[in-house]
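The chain contents come next:
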Amino acid sequence: MPDDKKHHQNNILTQEQEAILDLYVKRLDEIYNELKAAEKVQVEIETQHLKKILTK
Amino acid sequence: MSGFWRSLFGSKKAGSNRKVVGLPGNIPVNELPYIQESNRRLQALKLLGTQYKNTPHLRQIEQVYHKTRRIHTYLVERGRGHELELFHLQHTDHFLNTFTVIMNVHQLHHDVQQEPVVAEARRTIANPFKRDNKNGHNHRALNRIVSQQVFEDTKQSISSVPKLGLPEIALNTYSRIVYLKVETPDVQRTHEIGYTSDQEEKDAFIKYVSEKLGIHHISYIGNTMVLFPGHSHNMAELVPVIHWNGSLYVVCLEEARLYPVRMFRNRN
């Protein structure tokens with residue numbers, strides 16, 4: 001990649017590798033958010049369940 | 001008790017969301033191996049950060065560590081060790097593999113730049129024919145003719161030409177191998193080598209392999225599980241992987257022998 005020449009000397013990663021690193025950080029956020037989202041759904045299910053019992 | 005568990009996964013504070021969903025009072029004992037192995041991966045990620053210390057990528061490598069630890073803490077608190085292990089197998093291990101190899105190869109090139117004499121020697125090994133172009137050309141031509149003749153011969157015999165293998169390996173980033181080093185004729189000391197070994201241990205291992213096999217300018221990559229051809233017990237063995245002269249090799253310590261391998265790449 002010709003653009004690599006612009007990079008600083010200490011810059012070990014190629015642009016593609018940098019992009020992968022970026023993606024990986026984002027992916028970790030997604031995984032965490034998915035875990036939290038699944039939890040919210042569970043809370044909702046439990047709440048509805050309890051509500052159903054109480055309003056019988 | 002819960003203080004002990006929290007100290008184990010390094011979270012002193014209870015998360016504000018702790019009371020939300022059914023949490024187990026205690027983490028069952030069978031969760032323990034998952035937690036330990038997860039901790040080793042976190043340690044490996046931290047180590048990777050020190051390798052990338054003087055690069056502009058440090059911040060992101062550190063982010064990977066913190067975000068991975070966040071997932072670790074979340075799942076451990078909920079006793080979902082199995083899921084955590086799966087997450088590491090599908091993500092962390094690949095990440096560690098890739099970014100360790102990138103750094104190792106970079107360092108190797110860096111070394112070459114600093115030692116021009118070594119670089120010359122390395123080139124000589126890599127391309128023995130390049131030195132004298134004409135001579136090299138003749139050699140290659142001669143070798144091709146001989147190969148052709150032998151190939152014609154083998155076509156008529158029963159034996160087939162074996163195909164050499166270059167199997168794909170995946171690094172194991174958390175287990176260590178013990179090896180025996182003869183310090184003096186009477187004294188043998190055991191050493192350990194693994195992905196998370198410190199630089200001193202890795203240097204000692206490189207020295208050991210260099211002396212044993214008579215090869216130099218190698219770097220240690222990690223350990224991996226392999227089956228050796230011809231070993232009677234058909235059991236996978238954990239063995240060290242080294243990078244030498246542009247390629248990866250598995251070291252069979254017992255036989256002082258190298259087997260060429262390549263790194264597993266996720267193709268999707």
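A. How the structure looks around the overall build of chain A. Helices and strands together make up the secondary structure of chain A, namely one helix and zero strands. Relative to its full complement of 56 residues, chain A shows a buried share of 20%. As presented, chain A carries roughly 4,500 Å² of accessible surface, and 56% of it is formed by carbon and sulfur atoms.

B. Local environment of the environment of B:Tyr74. Its place among the elements puts B:Tyr74 in helix α3 (residues 58-77). Sequence separation between B:Tyr74 and B:Leu84 is ten residues, and the spatial gap between their C-alpha atoms is 9.3 Å. Here A:Leu35 takes part through its backbone oxygen, which lies 3.3 Å from a polar atom of the side chain of B:Tyr74.

C. View of the nonpolar core. The biggest cluster of nonpolar side chains holds 44 residues, and the ones touching the most others in it are B:Leu48, B:Tyr52, B:Val64, B:Ile71, B:Phe95, B:Phe99 and B:Val250. Per element, the largest residue contribution to this core is eight residues, and it comes from helix α4 (residues 81-114) of chain B. In contact with B:Val64, not counting residues within four places along its chain, are A:Leu21, A:Tyr24, A:Val25, A:Leu28, B:Leu45 and B:Phe95. Judged by nonpolar contacts, the second largest core, of 14 residues, contains B:Ile177, B:Ile193, B:Phe205 and B:Trp244.

D. Broad picture of the packing of aromatic side chains. One pass over the structure, following the stated rule, counts ten aromatic pairs over all chains. Summarising the aromatic geometry, the rings of B:Tyr179 and B:Tyr208 are spaced 4.6 Å apart at their centres and angled 40 degrees between planes, so their arrangement reads as tilted. Here B:Tyr179, found in strand β3 (residues 176-182), pairs with B:Tyr208, found in helix α7 (residues 199-213); they are 29 residues apart in sequence, far enough to count as distant. An aromatic cluster is defined as three or more aromatic residues linked by ring pairs; in this entry it consists of A:Tyr24, B:Tyr52, B:Phe95 and B:Phe99. Lying across the ring of B:Tyr74, B:Arg78 places its NZ or CZ 3.8 Å from the centre. Directly above the ring of B:Tyr195 sits B:Lys202, whose terminal nitrogen or CZ lies 5.6 Å from the centroid.

Conventions used here
- Residues numbered from 1 in each chain as written.
- Chains lettered and ligands numbered in written order.
- Predicted model: local features only at pLDDT ≥ 70, side-chain atom pairs only at ≥ 80, totals over all residues.
- Heavy atoms only, no water.
- Helix = DSSP H or I, 4+ residues; strand = E, 2+ residues; numbered from the N terminus.
- Buried < 20%, exposed > 50% of the residue type's maximum accessible area, 1.4 Å probe, protein only.
- Areas by Shrake-Rupley, 256 points an atom, 1.4 Å probe, with all protein chains shown as cover.
- Polar contact = N/O pair within 3.5 Å; in protein donor to acceptor, adjacent residues only side chain to side chain.
- Core = buried A, V, L, I, M, F, W, Y, C linked by side-chain atoms within 4.5 Å.
- Contact = heavy atoms within 4.5 Å.
- Phe/Tyr/Trp six-rings, centres within 6.5 Å; stacked < 30°, edge-to-face > 60°.
- Lys NZ or Arg CZ within 6 Å of the ring centre and 35° of its normal.

This is a description of form; function is not addressed.
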